[in-house]
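So you can see what is in the structure, the chains are spelled out below.
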Amino acid sequence: MVLGGFAGTILRINLKNKKIIKEPLKEDQARKYLGGPGLATKILFDELKPGVDPLGPENKLILTAGVMAGTLCEGGGSWQAVTKSPLTGLWAAARSGGFFGPEMKYAGYDMIILEGRAEKPCYLWVCNDLVEIRDAGDAWGKPVPEAEAIIKEDLGEYQARLAIVGPAGEKLVRFAAIMNDLCRAAGRCGVGAVMGSKNVKAVAVRGTKDIKVNDPETCRKALIEIEKAVRNNPLYALYAYEGTPAYTGSLNAFGALPTWHDRSGYFDRWENVSVEKLRRNYLVKARACQACSYGCERYSEIKSGPYRSPPMGGPEYETIDLMGPYLRIDNLEAITRASYLCNIYGMDTISTGYMIAFAVECFEKGLITLKETEGMRLSWGDPEVLVDLTEKIATRQGIGDLLAEGVVRVAEKLGKNAMDLALHVKGLEQPGHSPRAIKEMALQYGTCNRGACHIRYHWVGNPSMFKATSGMEAYGLPDPSNISPLDESKEKAKIVVVCQNCGNVHEALGTCLFHTSSPNGETGLTIKRFAILLSALTGWEINDQELVKAGERLFNLERAFNIREGVRRKDDIIAKRWRTEKLLNGPTEGAVVENYERMLDWYYELRGWDSEGVPRKSKLLELELDEVATHLENSGISLKE
Ligand code: SF4
């Protein structure tokens with residue numbers, strides 16, 4: 001029996017001594033951690049000493065695609081970068097779509113581990129069995145589109161797929177992204193800075209190998225059923241015809257659109273940044289990642305004027321919010337230009353927009369002065385500020401050099417009460433979902449292992465806002481029909497735990513989040529459908545309950561990585577503004593997170609963690625993480641029974 005689905009090999013490249021090792025993927029490890037990002041987390045846990053500098057040569061960067069990548073499973077174009085984050089100093093995984101992940105599998109590799117640091121700028125060429133470390137030459141220092149063209153020309157291989165950093169990654173902007181397929185981004189947590197710190201401009205892959213399938217007939221039937229379910233999903237029309245910008249209007253209607261550095265959940269000029277305006281004036285085309293029926297990506301173009309931008313992917317919803325209403329900007333052309341700049345420089349649009357808003361409020365309060373900005377007035381609603389600061393951050397010019405350090409380091413440097421204004425968790429800046437309008441989002445921000453993130457694991461706002469259960473009732477999701485987004489009951493802690501465990505299944509298996517969201521278990525890519533397909537691919541007899549258990553195991557493994565780095569309850573506490581200031585206007589006016597510590601207690605209890613947020617030994621043993629428990633205890637961390 002073949003172990004299908006996986007490519008079967010881990011590629012390890014030491015950039016310092018140029019040693020290249022190909023290791024066989026161990027089946028027992030692949031099953032226990034579901035391969036891909038889950039197994040990458042275990043490798044990181046085993047091989048990284050706590051306390052290593054994320055931008056030092058001791059850190060490792062793992063590029064990995066899950067078992068579903070390249071199999072034609074809906075949304076299987078995903079891949080992830082797993083590493084220790086230079087922004088948070090903790091475990092990080094950043095997912096992207098496109099075609100890079102499947103191509104890596106077709107070349108024969110489930111993951112590529114980068115170790116050490118190259119002496120001079122280089123790029124890697126992985127073409128089936130051929131693996132080379134090549135001089136980056138003129139590509140170093142160039143924006144993403146130009147650098148990609150130079151590398152393809154150098155290789156004479158125009159069908160290669162690249163994971164590549166722009167100038168922001170080279171300059172170690174702490175929220176630099178790794179880009180692929182020009183405008184797909186492994187965006188969050190600064191994974192691009194880690195690649196830049198290793199002197200690696202790009203990893204280029206090209207593959208022509210097959211992915212083996214254990215039971216082709218069952219697999220074929222499962223793929224057809226999944227495609228049908230995805231096309232029957234009521235969310236299909238939203239993703240296919242509008243894309244993520246559609247959320248601007250719906251979240252604003254709920255009063256959950258973070259506005260004016262999240263003082264409000266409502267933007268009165270939202271129609272100027274709506275999906276309708278984008279579609280009518282700037283949309284060029286839609287594009288899909290590999291094996292996706294939705295094709296949610298929008299290509300936009302600003303043909304003329306001060307914000308002229310060539311056709312490029314984006315702006316996505318998060319970009320529109322963080323670079324628009326969050327700054328009280330309603331100029332869609334400036335937002336599109338800033339989004340374009342982030343793509344070519346290789347930078348996370350969420351953290352970039354966030355840092356500009358933080359700078360504007362610090363300027364307003366006198367914590368940043370004209371001296372630091374070199375005479376530039378930072379004010380709300382000013383598109384010039386957005387575009388200018390985006391470029392300055394990416395190139396670390398002027399005040400951009402400071403802002404490129406991320407909100408925690410900047411607030412520490414500014415002193416006074418700057419930290420009170422910083423809206424983050426564990427150093428990761430706030431994305432575009434209001435934690436005061438959707439209270440489970442507050443708990444998700446607080447407990448997500450990579451920091452304030454709305455999307456890693458599952459979109460936890462779905463059940464109470466859109467009453468979308470995505471088939472998770474079977475794993476303990478409470479009936480959301482009578483649960484209000486503003487409610488702070490124990491049910492919210494349950495929603496977060498179930499969404500995190502279930503969401504980690506699709507993260508590890510390697511699919512896009514959007515295919516897993518549906519109003520019920522009849523449509524979309526559910527855990528039950530994952531189990532059928534995974535069994536057919538691999539030959540394992542695996543059921544949905546085993547998958548959810550694996551999702552919980554991975555969540556605890558990520559937590560164990562962070563516990564070893566010193567994370568405790570204090571790090572799960574959300575920003576002061578969200579706990580003490582009321583939202584200013586709109587449908588959620590007056591909302592504040594009142595009961596956060598109580599929700600956190602419930603959450604710890606449901607997780608089987610102690611009151612400091614450390615997993616109990618019994619929980620780690622139940623999840624078959626015995627060696628992780630032993631490791632933590634040997635590191636001097638006492639685990640309660
Ligand atoms: S829904 Fe969008 S992000 Fe997800 S796989 Fe399809 S095109 Fe890519």
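The structure we're discussing is the one just above.
Residues numbered from 1 in each chain as written. Predicted model: local features only at pLDDT ≥ 70, side-chain atom pairs only at ≥ 80, totals over all residues. Heavy atoms only, no water.

1. Observations concerning the packing of aromatic side chains
This model, assessed by the stated rule, comprises 16 aromatic pairs. On the basis of an interplanar angle of 45° and a centroid distance of 6.0 Å, the ring pair of phenylalanine 6 and tryptophan 540 is categorised as tilted. Separated by 534 residues along the polypeptide, phenylalanine 6 in the segment before β1 (9–14) and tryptophan 540 in the loop between α22 (527–538) and α23 (544–564) bring together distant segments of the chain. For phenylalanine 6, a relative accessible area of 5% puts it in the buried group. According to the relative accessible area criterion, tryptophan 540 is buried, its value standing at 4%. Their ring planes at 35° and their centres at 5.1 Å tell us that tyrosine 239 and tyrosine 294 sit as a pair that is tilted. Remark: tyrosine 294 occurs in the loop between β13 (283–287) and β14 (297–302) and tyrosine 239 occurs in helix α8 (residues 236–242); sequence separation between them is 55 residues. Owing to a relative accessible area of 1%, tyrosine 239 belongs among the buried residues under this scheme. Here tyrosine 294 falls in the buried class, since its relative accessible area comes to 4%. We note arginine 607 situated over the ring of phenylalanine 555; from NZ or CZ to the ring centre the distance is 4.0 Å. (Phe/Tyr/Trp six-rings, centres within 6.5 Å; stacked < 30°, edge-to-face > 60°. Helix = DSSP H or I, 4+ residues; strand = E, 2+ residues; numbered from the N terminus. Buried < 20%, exposed > 50% of the residue type's maximum accessible area, 1.4 Å probe, protein only. Lys NZ or Arg CZ within 6 Å of the ring centre and 35° of its normal.)

2. A word on unusual backbone geometry
Cis geometry is found at the peptide bond from glycine 314 to proline 315, where omega equals -5°. Relative to the elements of secondary structure, proline 315 occurs in the loop between β15 (309–313) and α11 (317–323). Within the chain, leucine 34 stands out as a residue other than glycine whose phi angle is a positive 65°. The backbone of lysine 416 sits at a positive phi, close to 50°, despite the residue not being glycine. The topology assignment puts lysine 416 in the loop between α17 (407–414) and α18 (418–421).

3. What to know about the side chain of histidine 261
Inspection of the secondary structure assignment puts histidine 261 in the loop between α9 (247–254) and α10 (275–281). Note on histidine 261: relative accessible area 0%, which makes it buried. Of note is the side chain of histidine 261, whose polar atom sits 2.7 Å from the side chain of glutamate 361. If sequence neighbours within four positions are ignored, histidine 261 has contacts with Tyr326, Tyr354, Ala357, Phe358, Glu361, Trp380, Leu421, Leu423 and Arg577. (Polar contact = N/O pair within 3.5 Å; in protein donor to acceptor, adjacent residues only side chain to side chain. Contact = heavy atoms within 4.5 Å.)

4. A look at the packing of helix α21 (residues 490–509) against α23
In a packed pair of helices, the relevant descriptors are the angle between the two axes and the axis-to-axis distance. Look at α21 against α23: their axes get within 7 Å of each other, and the N-to-C directions meet at 95°. Between α21 and α23, the interaxial angle falls into the category roughly perpendicular. Counted together, Gln500, Asn501, Cys502, Asn504, Val505 and Ala508 of α21 and Leu547, Val548, Gly551, Glu552, Leu554, Phe555 and Glu558 of α23 form the full contact between these two elements. Among the residues making up the contact of α21 with α23, the classes are represented as seven nonpolar, four polar and two charged. (Axes fitted to C-alpha atoms, helices over the stretch in contact; angles between N-to-C directions. Parallel < 35°, antiparallel > 145°, perpendicular 65-115°, else oblique. Nonpolar A, V, L, I, M, F, W, Y, C, P; charged D, E, K, R; others polar.)

5. Focus: helix α19 (residues 439–447)
Burial of α19 is extensive: nine of the nine residues sit out of reach of the surface. On its buried side, α19 packs onto β16 (424–425), α20 (462–466), α21, α23, α24 (576–580) and α25 (596–607).

6. Description of the sheet that holds strand β6 (residues 111–115)
In any sheet, the strands associate via hydrogen bonds between backbone groups, in a parallel or an antiparallel arrangement. With mixed pairing, six strands are arranged side by side in an open sheet as β2-β1-β6-β3-β4-β5. The open sheet has two edge strands with one neighbour each: β2 (20–24) and β5 (91–96). Adjacent strand axes in the sheet meet at a mean angle of 15°, parallel and antiparallel pairs treated alike. As defined by bridge partners, strand β3 (residues 61–64) adjoins strand β4 (residues 79–84) across three bridges and the pair is classed as antiparallel. Looking at the pairing, threonine 64 lines up with glutamine 80 of β4. (Pairing = 2+ DSSP bridges.)

7. Regarding the environment of glycine 566
Tracing the sequence through the fold places glycine 566 in the loop between α23 and α24. Residues glycine 566 and threonine 447, spaced 119 residues apart in sequence, show a C-alpha to C-alpha distance of 14 Å.

8. Quick notes on the packing of helix α7 (residues 216–232) against α22
Orientation of α7 relative to α22, taken along the N-to-C sense of each, is 155°, at an axis distance of 8 Å. Comparing their axes, α22 and α7 come out roughly antiparallel. For the pair α7 and α22, the sense of crossing is left-handed. Mapping the contact onto sequence places Thr218, Cys219, Ala222, Leu223, Glu225, Ile226 and Ala229 in α7 and Arg529, Ile532, Leu533, Ala536 and Leu537 in α22. (Left-handed = near helix turned anticlockwise from the far one by under 90°.)

9. Considerations on the sheet that holds β14
Taken in spatial order, the three strands of this open sheet run β13-β14-β15, and their pairing is antiparallel. Each having just a single partner strand, β13 and β15 make up the two edges of the open sheet. On average, each strand axis in the sheet is tilted by 15° relative to the strand beside it, whichever way the strands run. In this sheet, β14 lies alongside β13 in antiparallel orientation, the contact comprising four bridges. Bridging across to β14, alanine 286 finds its partner in arginine 298.

10. Remarks on the pairing of strand β12 (residues 200–206)
The buried fraction of β12 amounts to seven of the seven residues, a majority that puts the element mostly inside the structure. Note that strand β7 (residues 122–127) and β12 share six bridges and pair parallel. Bridged to valine 126 within β12 is valine 205. Both strand β9 (residues 161–164) and β12 contribute to a ladder of four bridges, which runs antiparallel. Its bridge partner being in β12, arginine 161 is matched across the sheet by valine 205.

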